[in-house]
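Residue-level listing of the chains:
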Amino acid sequence: MSTVADLFNRIAPVYDNLNDALSLGLHRVWKKMVYRWAAPQLGEVWLDLCCGSGDMAILLARSGATVIGVDFAECQLELARQKGKNLPNLTWEWGDVLYLRFPDASVDGVTMTYGLRNLADIKQGLQEIYRVLKTPGRAVILDFHRPYDPGVATFQKWYLRRIVVPTAQRLNLAREYAYLESSLEQFPQGQEQIQLAQEVGFAVSKHYPLLGGMMGILSLQKI
């Protein structure tokens, strides 16, 4: 865990600006899609896991739901605190997604954007999400993916190697962003994610590819 946390602490000062530049601002569109899928309601309690600098948690909190943003990179949490300081229904805390402190069946919903891929044990992370969700409860997870289409996969590798890493290099962060390609190679694809979710107990598990399969949303329901 410490290696990933250290990485996200190091990139925190430029995290938002680089995300905007490297995705052409589209990461904000995809997060709004997660919000619409999640559909938080006034009075509900939501967790945003691997909350990073707080964009997703802030979107959820603006619905009126009570939201807790959780991350294990303290520098990212400090950015999130500053961005969400005017939302009284939004709190932040350090935590490990694999060992959440929340009681069983204690939250109405969970979101995670660009965090599942970085968990040391993806199945355990999904199990923890299932455990803390009420019945009924729902989770929406957004992340990068390895495309099934060979042409799109070739473009993804080109983009990572020729655009992402050189851009990060100008900020002395090439090593930190080079990890993206290796993390994708080990990340379960859509159908594998569905299988893992079903194994931990989710009755409804669907995966929706985005951007030619380079992104994907995993939608889960505990019923």
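Look up: the structure comes first, before these words.
All values derive from a computational prediction rather than experimental measurement.

Reading the values: rules and limits
Here the residue numbering is sequential within each chain, running from 1 through the sequence in written order. Local features in this predicted model are restricted to residues of pLDDT 70 or higher, and side-chain atom pairs are both shown and tallied only at a pLDDT of 80 or more, whereas totals for entire chains, interfaces and linings draw on every residue. Note: side-chain values were computed over all heavy atoms of the structure, leaving out hydrogens and water. The helix and strand labels rest on DSSP assignments: H or I over at least four residues marks a helix, E over at least two residues marks a strand, and numbering proceeds from the N terminus. Residues adjacent in sequence count toward polar contacts only when both atoms are side-chain atoms; beyond that, a polar contact is any pair of N or O atoms within 3.5 Å, and within protein one must be able to donate a hydrogen and the other to accept it. Only heavy atoms enter the contact rule, under which two residues are in contact if any of them lie within 4.5 Å. Simply put, an axis is a line fit to the C-alpha atoms, just over the touching stretch for a helix, and the angle between two N-to-C directions goes from 0 to 180 degrees. What sets the label is the angle itself: under 35 degrees gives roughly parallel, over 145 gives roughly antiparallel, 65 to 115 gives roughly perpendicular, and the rest give oblique. Two helices crossing with the near one rotated counterclockwise from the far one by less than a right angle form a left-handed crossing, whereas a clockwise rotation gives a right-handed crossing. All residues other than Ala, Val, Leu, Ile, Met, Phe, Trp, Tyr, Cys, Pro, Asp, Glu, Lys and Arg, Gly among them, are scored as polar; the first ten of these are nonpolar and the last four charged. Centre distance within 6.5 Å is the pairing criterion for rings of Phe, Tyr and Trp, where only the six-membered ring of Trp is used; planes under 30 degrees apart are then read as stacked, over 60 as edge-to-face, and the remainder as tilted. By the criterion adopted, a ring carries a charge over it if an Arg CZ or a Lys NZ lies within 6 Å of its centre and within 35 degrees of its normal. The span you would expect from a helix comes to 1.5 Å times its residue count less one. Bend at a residue means the angle formed by two fitted axes: the first through the 7 residues ending at that position, the second through the 7 residues beginning there. Each residue gets one of three labels from its accessible area relative to the maximum for its type: buried under 20%, exposed over 50%, partly exposed in between, using a 1.4 Å probe on protein chains only. Here, a strand pair is defined by DSSP locating no fewer than two bridges between the strands.

K.L.:
Quick rundown of the side chain of Arg117? Include the residues and the values.
P.N.:
With respect to the helices and strands, the residue Arg117 is situated in the loop between strand S4 (107-113) and helix H6 (122-132). A polar atom in the side chain of Arg117 sits 2.8 Å from the side chain of Asp143. If we skip the residues at most four places from it in the chain, Arg117 touches Asp143, Phe144, Tyr179, Leu180, Ser183, Leu184 and Phe187.

K.L.:
I'd like a description of the packing of helix H7 (residues 150-169) against helix H8 (residues 174-186), backed by residues and values.
P.N.:
Close contact between H7 and H8 brings their axes to 8 Å; oriented N to C, the two are set at 160°. Taken as axis vectors, H7 and H8 run roughly antiparallel relative to one another. Helix-helix and strand crossings are classified by hand; for H7 and H8 the assignment is right-handed. Of the residues in H8, those in contact with Gln156, Lys157, Leu160, Arg161, Val164, Val165, Ala168 and Gln169 of H7 are Ala174, Tyr177, Ala178, Leu180, Glu181 and Leu184. In terms of residue class, the contact of H7 with H8 is made up of nine nonpolar, two polar and three charged.

K.L.:
Lay out the packing of aromatic side chains in plain terms, naming residues and giving numbers.
P.N.:
Tallied over the full model, the rule gives seven aromatic pairs. Taking 4.9 Å as the distance between ring centres and 40° as the angle between the ring planes, the aromatic pair formed by Tyr114 and Phe144 counts as tilted. Residue Tyr114 is located in the loop between S4 and H6, and its partner Phe144 is located in strand S5 (residues 133-144); the two are separated by 30 residues in the primary sequence. The structure contains a cluster of three or more aromatic residues connected by ring pairs, namely Phe155, Trp158 and Tyr159. Positioned above the aromatic ring of Tyr130, the side-chain terminus of Lys222 is 4.5 Å from the ring centre.

K.L.:
With reference to specific residues and values, describe H7.
P.N.:
Look at H7: 27 Å from first C-alpha to last across 20 residues, which is about the 28 Å you get at 1.5 Å a residue. Remark: the principal bend of H7, roughly 35°, maps to Leu160. Among all positions in H7, only Ala153, Gln156, Leu160, Val164, Thr167 and Ala168 are buried. Among the structural elements, helix H2 (15-23) and H8 are those in contact with the buried residues of H7. Of the residues that open H7, the one with a side-chain oxygen 2.9 Å from the backbone nitrogen of Gly151 is Asp149.

K.L.:
Can you lay out the pairing of S4 for me, pointing to particular residues and giving the numbers?
P.N.:
Extensive coverage of S4 is indicated by the burial of seven of its seven residues. The pairing of strand S1 (residues 45-49) with S4 spans four bridges and is classified as parallel. Its bridge partner being in S4, Leu49 is matched across the sheet by Met112. Pairing between S4 and S5: six bridges, direction parallel. Paired with Val110 across the two strands is Ala139, which belongs to S5.

K.L.:
Describe in detail the packing of H2 against helix H3 (residues 26-38), supporting the description with residues and values.
P.N.:
Interaxial distance between H2 and H3 falls to 7 Å at its minimum, and their mutual angle equals 95°. Classified by the interaxial angle, the pair formed by H2 and H3 is roughly perpendicular. Contacts between H2 and H3 involve Asn19, Asp20 and Ser23 from the first element and Leu26, His27, Arg28 and Trp30 from the second. Here the contact of H2 with H3 is composed, by residue class, of two nonpolar, three polar and two charged.

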